[in-house]
Amino acid sequence: MPPRKTLYLLRRPIVGSMQTLLPSTSSASSSEKLSLVLLEEAVSSSPTFPGQTYVLPPQSDIPIGSVFGKLISYRDLVTLIEEHEATIVL
């Protein structure tokens, strides 16, 4: 059976108890393929995540500083959404 694919879209930086909304390394199952995309205000954050992390940079000319993850385009984001069975927006 192929692994279940879940995509997390994070719009704001993790603050306090929000970290529990993302899966942890210890809770991630080997039957799941997890991906995280940092959007909007979250692009400068670096949450602990057991899967691949991507960053969709803001369209403004504001520098985003150091990036935690692979930079992607809107087209890449659409492809990721299509490839995953479930999408969770936080």
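Criteria and cut-off values
- Residues numbered from 1 in each chain as written.
- Predicted model: local features only at pLDDT ≥ 70, side-chain atom pairs only at ≥ 80, totals over all residues.
- Heavy atoms only, no water.
- Phe/Tyr/Trp six-rings, centres within 6.5 Å; stacked < 30°, edge-to-face > 60°.
- Helix = DSSP H or I, 4+ residues; strand = E, 2+ residues; numbered from the N terminus.
- Pairing = 2+ DSSP bridges.
- Contact = heavy atoms within 4.5 Å.
- Axes fitted to C-alpha atoms, helices over the stretch in contact; angles between N-to-C directions.
- Buried < 20%, exposed > 50% of the residue type's maximum accessible area, 1.4 Å probe, protein only.

**Description of the packing of aromatic side chains**
For any two aromatic rings, the description comes down to two numbers: the centre-to-centre distance and the angle of the planes.
Thinking step 1. According to the stated counting rule, one finds 1 aromatic pair in the structure shown.
Thinking step 2. Aromatic pair Tyr 8 and Phe 49: ring centres 5.8 Å apart, planes at 70°, arrangement edge-to-face. Residue Tyr 8 is found in strand S1 (residues 4-10), and its partner Phe 49 is found in the loop between strand S2 (32-38) and strand S3 (52-55); the two are separated by 41 residues along the sequence.

**Remarks on the sheet that holds S3**
Thinking step 1. Taking strand neighbours across the sheet as the criterion, the 5 strands line up as S4-S3-S2-S1-S5 in an open arrangement whose pairing is parallel. Where the open sheet ends on each side, the last strands, each with one partner, are strand S4 (70-71) and strand S5 (86-89).
Thinking step 2. Two elements, S1 and S5, share 4 bridges in a ladder whose sense is parallel. Of the residues in S5, the one forming a bridge with Thr 6 is Ala 86.
Thinking step 3. Contacts between helix H1 (residues 74-83) and the sheet are confined to S1, S2, S3 and S5, with S1 contributing the most and set at about 140° to the helix.

**Remarks on the environment of Ile 88**
Thinking step 1. Tracing the chain through its elements places Ile 88 in strand S5.
Thinking step 2. With relative accessibility at 32%, the residue Ile 88 sits in the partly exposed group.
Thinking step 3. For the pair Ile 88 and Leu 10, spaced 78 residues apart in sequence, the C-alpha to C-alpha distance is 8.5 Å.
Thinking step 4. Filtering out sequence-adjacent residues up to four positions away, Ile 88 remains in contact with Thr 6, Leu 7, Tyr 8 and Leu 9.

**Things to note about the pairing of S3**
Thinking step 1. Pairing analysis gives 4 bridges linking S2 to S3, with the strands arranged parallel. Bridge pairing in S3 links Val 37 to Tyr 54.
Thinking step 2. Note that S3 and S4 share 2 bridges and pair parallel. Among the inter-strand pairings, Tyr 54 is bridged to a residue of S4, identified as Lys 70.

These values are about where atoms sit, not about what they do.
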